[in-house]
Amino acid sequence: MRGVPPATRKPAQRVPELRALLRRANRAYYVDHAPIMSDPEFDRLLAELDALEKAHPELDDPDSPTHRVGGEPIEGFRTIAHRVPMLSIDNAYDTTEVRDWYARVLKGLSRDDAGLFDSTSKDVRLVCDPKIDGLAISLRYEKGRLVHAVTRGDGVKGDDVTHAARVIRAIPLVLESTTPPHVLEVRGEIYLPISEFERINKEREAQDEDLFMNPRNAAAGTLKQLDPGAIAQRRLGFVAHGRGEIDTEFASSYTDLLAQLRALGVPTNRHSIACEGIDKAIKAIEAFDRARHDLDYATDGMVVRVDDFASQAALGTTSKSPRWIMAYKYAPERTTTRLLKVEHQVGKTGKITPRAVMEPVLLSGTTVRHATLHNYGRVRDAATEREGERTDIRIGDLVQVEKAGEIIPQVVGVVLGERPKNAAKVTPPEACPRCAGPVEIEPPEGVEQPLLETARRCVNPECPAQIREKLVWFAGRKQMDIDGLGEKTIDQILAEPSIPLATFADIFRLHEHREKLLALDRMGEKKVDNLLAGIESAKGRGLAKVLSGMGIRYVGDTTSKLLARRFKDLDDLLSVGEESLRPKSLSRDAARALGFPDDPADRPETGLGKDTAPAVHAYLRSKAARRTFDDLARVGVDLTSHDYAAGRAAPQGPFAGKTIVLTGTLAGYDRETLKALLEGMGAKVTGSVSKNTHLVIAGNEAGSKLTKAQDLGVEIWDEARLNDELAKANG
Ligand SMILES: [Zn+2]
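Here the structure is a predicted model, which is why all the values come from computation and not from measurement. (Residues numbered from 1 in each chain as written. Predicted model: local features only at pLDDT ≥ 70, side-chain atom pairs only at ≥ 80, totals over all residues. Heavy atoms only, no water.)

J.: Which residues make up the overall build of the protein, and what values do they have?
T.: Within the protein, the secondary structure is distributed over 25 helices and 26 strands. Over its C-alpha atoms the protein spans a radius of gyration of 30 Å, differing by no more than 12% from the 27 Å that the globule rule assigns to 731 residues. In terms of principal-axis extent, the alpha carbons of the protein reach across some 90 × 90 × 55 Å. Classification of the 731 residues of the protein by burial places 49% in the buried group. Here the analysis covers contacts within the protein between residues at least 6 apart in sequence; of these, 69% occur between residues at least 24 apart. Counting every atom, the protein has about 34600 Å² of accessible surface; 50% of that belongs to carbon and sulfur. (Helix = DSSP H or I, 4+ residues; strand = E, 2+ residues; numbered from the N terminus. Rg over C-alpha atoms; globule rule 2.2 N^0.38 Å. Buried < 20%, exposed > 50% of the residue type's maximum accessible area, 1.4 Å probe, protein only. Contact = heavy atoms within 4.5 Å. Areas by Shrake-Rupley, 256 points an atom, 1.4 Å probe, with all protein chains shown as cover.)

Set out below in structure tokens:
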């Protein structure tokens, strides 16, 4: 968002050009897996388009890529019936079952009336697709435009999640064809990439919120949100794996369908493999089991189907699933080990979490010693190996451990038959294990369901465990980034009672205790000076870093930055009402009353919504928060925003104001894209080399322009240099 490039073209030309460019970039990323621009570039071009559309409302289009960042929240989900039911797929758990299925396919196809296949002569062509652990969805395109997105639901009808699908960049809003089918229903999987899953969980962990146990839960939780802005922030993926209603002869086989969809700009799975016959399919299944752990999405099996649509039709369906497809499921990564003890950890908001310490065991390639027990409710009520029987988890038990979505180890049950006689009950702490302060249980332990318990918290604001966690967080790299104040140093200072360190502001008063710091173990003159210098320079980090460092619930890294972009300093932030903290989720009337634009897409993003803004607002105005802010201001911490209105700054960076000539063929860019990209960064791209040219970017087979540039002594970059500079410029 570094502003708009020089207006070299008329808006009526530039707007469609930008839209095409952004769509091409999406296609390159999601369909071709060969990105043509970086994320910041994409955002910059999007900002340029947005500005043009705002200045020229007559050029706006509901399917413009600018409308993919949010929109009015929906009130609730309505149900839509599937024109063609979304049937479930039968599962197979070993290769014998896969072969049995194939034998039935051969038998079905060799029937006289089908007449499609002579089982003695050749193999049936099969296609194996990774079974992504996501949510099945049906996308309906009419005349090439996305009109509905519906979840699988019960297979007959599902929830209308069009608002969510429209902000998922992997899903095209408009198909790339001048003659698309009148009706085309694409079925596929919405999923959360593992990298994104980990990012979200890190944010949730930072805010002491419950972690998502696997990417599927996280994707489902995301789609359930009513606010498109919140959905857009989580970068869901999509791949097509089937078809619903289509009004033309669109494709003759599944491989054909996938190729046609890719041509229309719809992503398909690039690990989809066509196999002649069952032996090759089983080889593919086995090979994929080794490869799948390196992918950026969670898989639990492989879907095998008959490729040819006429054969599929001849095989037909049973009452609940098609006969021409089945899913092979890999054995879940689960193992058993002995529970040695349970630790009670206190987080920075006081949340107390039970953690299992176990005999080390190998699970999905890593040695696991610790696993989450989630909460004390789950400790009291766990599954056993006996059908329907449940028990509490005891120390000494043989426990079943699983990697959720192959990521976080968790205890999922107890082998009751192996319980030793002296297995000891786990006692949930009645007082804080660190400060002995009072503990609150959510929801309160009542009469109705005494087993239910989601969280326990130490409510003592002066709890040393909480204070330690808060200080470590505040000083952390992504927050205030205080050089020299790592966990070890914090522990060392906390262990010395004569140095006060209980609040964030105390950090900035440590210089008053230089002598005492010098007396600490392994703290020489140089180390102390470095620490104090690190603290001094952290004072100037600005509002976003202070907010994220405070570890306020719902105010993570991203939200802090968004708030700082919107408010010029702390007073500005504290001066507004709860509703101004969540412009995106306001009704039209409420937005108008506060002076926000009618269209939610035009309102500023704050990262907060209906559920979270009131809590954040209340906290910011609480006595405790005021005391913290006042104290920080007193010790000289900068509470103004460094990010305020950054979007209006002039372009800067290595390309700003430069006249650039492109020549030759570049492997990673087409000329138009690169030109737009450089212009977006404030450069002027011209056709011929002269004395006024600052820079020539030369690809392969560059001709006379390169020679001329050499003659004139103009700076010349090859593609590798260009990539380096772009990477640097985009930070
Ligand atoms: Zn405590």
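And the narrative resumes.
J.: Describe the nonpolar core, listing the residues and the values that go with them.
T.: Counting 48 residues, the largest nonpolar core has Ile482, Ile507, Phe508, Leu517 and Leu547 as its most contacted members. Elements supplying a minimum of two residues to this core: helix H12 (464–475), helix H13 (487–494), helix H14 (504–507), helix H16 (525–538), helix H17 (543–549), helix H19 (570–574), helix H21 (613–620) and helix H22 (623–634). Looking at which domains feed residues into this core, each of domain 3 (464–538) and domain 4 (543–648) supplies at least three. Beyond its immediate chain neighbours, meaning those up to four positions away, Leu547 contacts Ile552, Val555, Ser560, Leu563, Leu573, Leu620 and Phe629. Ranked by size, the runner-up nonpolar core spans 41 residues in total, among them Leu139, Val167, Ala218 and Phe238. (Core = buried A, V, L, I, M, F, W, Y, C linked by side-chain atoms within 4.5 Å. Domains from an automatic or database assignment.)

J.: Just give me the short version of the domain arrangement of the protein, but keep the residues and values in it.
T.: Domains assigned within the protein are domain 1 (91–329), domain 2 (334–431), domain 3 (464–538), domain 4 (543–648) and domain 5 (659–729). Just the C-alpha atoms count here: the centres of domain 1 and domain 4 sit 40 Å apart. Roughly 610 Å² of surface becomes buried between domain 1 and domain 4 when both sides are summed, with 42% attributable to carbon and sulfur atoms. Among the residues domain 1 hides against domain 4, the three largest losses belong to Gln207, Asp227 and Gln233. Together they make up 63% of the total. Our enumeration of links across domain 1 and domain 4 arrives at zero residue pairs in polar contact (both at pLDDT 80 or more). Looking at side-chain class alone, the side of domain 1 that touches domain 4 contains no nonpolar, three polar and four charged residues. (Buried area = accessible area lost by both parts, 1.4 Å probe. Polar contact = N/O pair within 3.5 Å; in protein donor to acceptor, adjacent residues only side chain to side chain. Nonpolar A, V, L, I, M, F, W, Y, C, P; charged D, E, K, R; others polar.)

J.: Explain the packing of aromatic side chains to me, using residue names and the numbers behind them.
T.: For the structure shown, the criterion picks out six aromatic pairs. Ring geometry for Tyr191 versus Tyr297: centroids 5.6 Å apart, planes at 65°, classification edge-to-face. Remark: Tyr297 occurs in the loop between helix H9 (278–291) and strand S10 (299–306) and Tyr191 occurs in strand S7 (residues 183–191); sequence separation between them is 106 residues. For Tyr297, a relative accessible area of 10% corresponds to the buried category. For the ring pair Phe474 and Phe504, a centre distance of 4.3 Å and an interplane angle of 10° mean the geometry is stacked. Within this pair, whereas Phe474 is found in helix H12, its partner Phe504 is found in helix H14, the two being separated by 30 residues in sequence. Here Phe474 matches Phe504 in class, with each residue buried. A connected cluster of aromatic rings, assembled from ring pairs, spans Phe474, Phe504 and Phe508. One Lys or Arg, Arg169, reaches over the ring of Phe42 and ends 3.6 Å from the middle of that ring. (Phe/Tyr/Trp six-rings, centres within 6.5 Å; stacked < 30°, edge-to-face > 60°. Lys NZ or Arg CZ within 6 Å of the ring centre and 35° of its normal.)

J.: Report on the coordination of the zinc ion, specifying residues and quantitative values.
T.: Only Cys432 (SG), Cys435 (SG), Cys458 (SG) and Cys463 (SG) from the protein reach the zinc ion as donors, at distances of 2.2 to 2.4 Å. Around the zinc ion sit four donor atoms; with metal-centred angles ranging over 98 to 118°, the donor geometry is tetrahedral. Mapped onto the polypeptide sequence, the residues donating to the zinc ion form the spacing pattern C-x2-C-x22-C-x4-C. Under the relative-accessibility criterion, Cys432 is labelled buried at 4%. (Donors = N, O, S within 2.8 Å, 3.2 Å for Na, K, Ca; no water. Tetrahedral: all angles 85-135°; square planar, octahedral: opposite > 155°, others 65-115°.)

J.: Describe the pattern of salt bridges, naming the residues involved and giving the relevant values.
T.: Inspection of every chain in the model, using the stated rule, returns 50 salt bridges. Close ionic contact of Asp300 with Lys131 constitutes a salt bridge, the shortest N to O distance being 3.6 Å. With Asp300 in strand S10 and Lys131 in strand S3 (residues 125–132), the pair connects residues that are 169 residues apart, well separated along the chain. A salt bridge links Asp598 to Arg588, with the nearest nitrogen and oxygen atoms 3.5 Å apart. Here Arg588 lies in helix H20 (residues 588–593) and Asp598 lies in the loop between H20 and H21, a separation of ten residues in the sequence. Each of Arg83, Arg140, Glu142, Glu185, Arg187 and Glu245 takes part in a single network of salt bridges with overlapping partners. (Salt bridge = Lys/Arg side-chain N within 4 Å of Asp/Glu carboxyl O.)

J.: With reference to specific residues and values, describe the pairing of strand S4 (residues 135–142).
T.: Across the eight residues of S4, six count as buried, placing the element largely inside the fold. Judged from the eight bridges that link them, S4 and S7 form a sheet pairing that is antiparallel. The residue bridging Glu142 from the neighbouring strand is Val183, located in S7. Pairing geometry for S4 and strand S5 (residues 145–151), over six bridges, is antiparallel. Looking across to S5, one finds that Ile137 is bridged to Thr151. Between S4 and S5, which pair antiparallel in sequence order, lie two residues; one of them, Lys143, sits at a positive phi of approximately 50°. (Pairing = 2+ DSSP bridges.)

J.: If you had to explain the sheet that holds strand S11 (residues 325–329) to someone new, which residues and values would you point to?
T.: Within the open sheet, the five strands sit side by side as S2-S11-S10-S3-S9. Their pairing is mixed. At either margin of the open sheet sits one strand with a lone partner, and together these are strand S2 (91–92) and strand S9 (273–276). Taken together, the two bridges between S2 and S11 define a ladder with parallel strand orientation. Directly across from Asn91, in S11, lies its bridge partner Ala327. Its contacts with the sheet put helix H8 (residues 254–263) on S3, S9 and S10, and the angle it makes with S3 is roughly 55°. Each of S3, S9, S10 and S11 is contacted by H9, which is oriented at about 165° to S10, the strand it contacts most. (Axes fitted to C-alpha atoms, helices over the stretch in contact; angles between N-to-C directions.)

J.: Describe helix H25 (residues 719–729), naming the residues involved and giving the relevant values.
T.: Count 3.6 residues to each turn of an α-helix, and residues three or four apart come out pointing the same way. For H25, the set of buried residues is Glu719, Leu722, Glu725, Leu726 and Ala729. Looking straight down H25, one finds that the buried residues subtend no more than 125° of arc, so they occupy a single side. (Arc of directions from axis to C-beta.)

J.: Which residues make up the environment of Val635, and what are the values?
T.: Among the structural elements, Val635 can be located in the loop between H22 and strand S23 (659–663). Residue classification places Val635 among the buried residues on the basis of a relative accessible area of 11%. Separated by 381 residues in the primary sequence, Val635 and Tyr254 place their C-alpha atoms 67 Å from one another. Discounting residues that sit within four places of it in the chain, Val635 has contacts with Ala505, Phe508, Arg509 and Lys539.

J.: Lay out the pairing of S11 with the relevant residues and their values.
T.: Along any regular strand, the residues point their side chains to alternate faces of the sheet. In terms of residue burial, S11 counts as a mostly covered element, since five of its five residues are buried. Of the two faces of S11, the one carrying Ile325, Ala327 and Lys329 and the one carrying Met326 and Tyr328 are both buried. Alignment of S10 against S11, held across five bridges, turns out to be antiparallel. Its bridge partner being in S11, Val303 is matched across the sheet by Ala327.

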